[in-house]
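What follows is each chain in one-letter form.
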Amino acid sequence: MTKKISARWTDVELEAAVDAYLSMREMENNGRPFKKTEMGLKLREGALSARSKSAIELRMQNISSVLVELGQNRIKGYVPAKNVGANVSKKIQEMLNDKGIFKVPGEGATASNTSIGQELEASTADNLAAPLGIKHPKHSNSTVITFFRDDKVREWVLMHANGTCEGCGKVGPFLGVDGRPFLEVHHVHPLAMAGSDRIENVAALCPNCHRRCHLAADKKAFTESLYVRVKRLKEECLDLVVD
Ligand SMILES: [Zn+2]
Ligand SMILES: [Zn+2]
């Protein structure tokens, strides 16, 4: 296969960038951590294999620019850059429209004249202003992989914990519908990373400890501590996974 490196992005390439941008924006809106570099790498392994890291970065900044013109919020890490042909800009806007993202009435009228310095200032002020939100949220067609789990494993782990969180040792914060102190089950080595659905990889945690595993600054250290605290758990090694 020969790679044709052309200055002009194809629609497929452009759409891949727009899709990646929107999924990162959604994560940012939901306060979920994401890494621009990881997403960039994924893109370069896939649809954007003919594009350089800096070209992708610039495209993302172009998308920010179009979003700002539409009065929409953008990813903070991508400062709008307008050095994009009117054609590409129009195409990005059309793709956004197709995905249910339209101009917010009365918003963003002056965005095209905004310099980068002003833009940065504006974004700090934006943090204080109440967000517009979306009146009729559209849903996207992203593929969600659902893993089949063994209810017996879940039940066993919860019975075994007997209402006490295996992360902090406290009793679940309220009674669940089954009358037991509420705990959640957590796959210590994520299913999405080929973790197993076995009792050696499943912990019963209170909602706080569970969120801590997924979202905390110290999530790695906290996860490590689970392996020490809960003797049943066994670290699963990725190297052992065979297709
Ligand atoms: Zn806990
Ligand atoms: Zn979890």
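From a predicted model like this one, the values you see are computed outputs, not experimental measurements.

J.: Quick rundown of the packing of helix 1 (residues 11-29) against helix 3 (residues 53-69)? Include the residues and the values.
T.: Taken N-terminus to C-terminus, the directions of helix 1 and helix 3 make an angle of 70°; their axes are 10 Å apart at the nearest point. The orientation of helix 1 relative to helix 3 falls into the category roughly perpendicular. Viewed along their axes, helix 1 and helix 3 form a crossing whose handedness is right-handed. Side by side, helix 1 and helix 3 meet where L14, A17, V18, A20, Y21, M24 and R25 of the first sit next to R59, M60, I63, S64 and L67 of the second. A per-class count over the contact of helix 1 with helix 3 returns nine nonpolar, one polar and two charged.

J.: Summarise the coordination of the zinc ion (ligand 2); cite the residues concerned and give the values.
T.: Those protein atoms acting as donors to the zinc ion (ligand 2) are H186 (ND1), H210 (NE2) and H214 (NE2), and they sit at 2.1 Å. Read in sequence order, the donor residues coordinating the zinc ion (ligand 2) give the pattern H-x23-H-x3-H. Here H186, found in strand 1 (residues 184-187), pairs with H210, found in helix 7 (residues 207-215); they are 24 residues apart in sequence, far enough to count as distant. Classification of H186 by relative accessible area gives buried; the value is 4%.

J.: Just give me the short version of the pattern of salt bridges, but keep the residues and values in it.
T.: Counted under the stated rule, the structure contains 10 salt bridges. The residue E13 makes a salt bridge to R51 at a minimum N-O spacing of 3.0 Å. On the criterion of sequence distance, the pair formed by E13 in helix 1 and R51 in the loop between helix 2 (36-45) and helix 3 is long-range, its members being 38 residues apart. Here E13 matches R51 in class, with each residue buried. In this structure, E155 and R180 form a salt bridge, with 3.4 Å as the shortest nitrogen-oxygen distance. Highlighted residues: E155 in helix 6 (residues 151-161) and R180 in the loop between helix 6 and strand 1, separated in sequence by 25 residues. One salt-bridge network, in which partners are shared between bridges, spans E15, D19 and K99.

J.: I'd love a proper account of the nonpolar core, names of residues and values included.
T.: Ranked by size, the top nonpolar core spans 25 residues in total, and within it L43, M60, I63 and L96 carry the most contacts. Among the elements that take part in this core, helix 1 stands out by supplying nine residues, more than any other. Filtering out sequence-adjacent residues up to four positions away, L43 remains in contact with A16, A20, L48, S49, I56 and M60. In terms of nonpolar packing, the next biggest core, distinct from the first, is built from 20 residues, V153, V157, V185 and Y227 among them.

J.: Quick rundown of the packing of helix 1 against helix 2? Include the residues and the values.
T.: How two helices pack is summed up by the angle between their axes together with the distance between the axes. One can describe the packing of helix 1 onto helix 2 by two numbers: an axis separation of 11 Å at closest approach and a directional angle of 155°. On the basis of the axis angle, helix 1 is roughly antiparallel to helix 2. The crossing of helix 1 and helix 2 is right-handed. Residues A16, A20, S23, M24 and M27 of helix 1 lie in contact with helix 2, whose contacting residues are K36, M39 and L43. Among the residues forming the contact of helix 1 with helix 2, the class breakdown is six nonpolar, one polar and one charged.

J.: Talk me through the packing of aromatic side chains; I want residue IDs and the actual numbers.
T.: On inspection of all chains with the given rule, the structure shows two aromatic pairs. Ring geometry for F174 versus F182: centroids 4.9 Å apart, planes at 15°, classification stacked. Its relative accessible area of 45% is what places F174 among the partly exposed residues. The ring of Y78 is capped by K36, whose NZ or CZ atom sits 4.4 Å from the centre of that ring.

J.: Give me the lowdown on helix 1, citing residues and values where you can.
T.: Side chains that are three or four residues apart share a direction in an α-helix, a result of its 3.6 residues per turn. Given a rise of 1.5 Å per residue, 19 residues ought to cover 27 Å, and the 26 Å separating the end C-alpha atoms of helix 1 matches this to within 8%. Buried residues belonging to helix 1 abut helix 2, helix 3 and helix 4 (86-98). With its phi angle positive at about 70°, G31 sits one or two positions after the end of helix 1.

Definitions and cut-offs
- Residues numbered from 1 in each chain as written.
- Chains lettered and ligands numbered in written order.
- Predicted model: local features only at pLDDT ≥ 70, side-chain atom pairs only at ≥ 80, totals over all residues.
- Heavy atoms only, no water.
- Axes fitted to C-alpha atoms, helices over the stretch in contact; angles between N-to-C directions.
- Helix = DSSP H or I, 4+ residues; strand = E, 2+ residues; numbered from the N terminus.
- Parallel < 35°, antiparallel > 145°, perpendicular 65-115°, else oblique.
- Left-handed = near helix turned anticlockwise from the far one by under 90°.
- Contact = heavy atoms within 4.5 Å.
- Nonpolar A, V, L, I, M, F, W, Y, C, P; charged D, E, K, R; others polar.
- Donors = N, O, S within 2.8 Å, 3.2 Å for Na, K, Ca; no water.
- Buried < 20%, exposed > 50% of the residue type's maximum accessible area, 1.4 Å probe, protein only.
- Salt bridge = Lys/Arg side-chain N within 4 Å of Asp/Glu carboxyl O.
- Core = buried A, V, L, I, M, F, W, Y, C linked by side-chain atoms within 4.5 Å.
- Phe/Tyr/Trp six-rings, centres within 6.5 Å; stacked < 30°, edge-to-face > 60°.
- Lys NZ or Arg CZ within 6 Å of the ring centre and 35° of its normal.
- Expected span 1.5 Å × (residues − 1).

The analysis is restricted to geometry; functional conclusions fall outside its scope.
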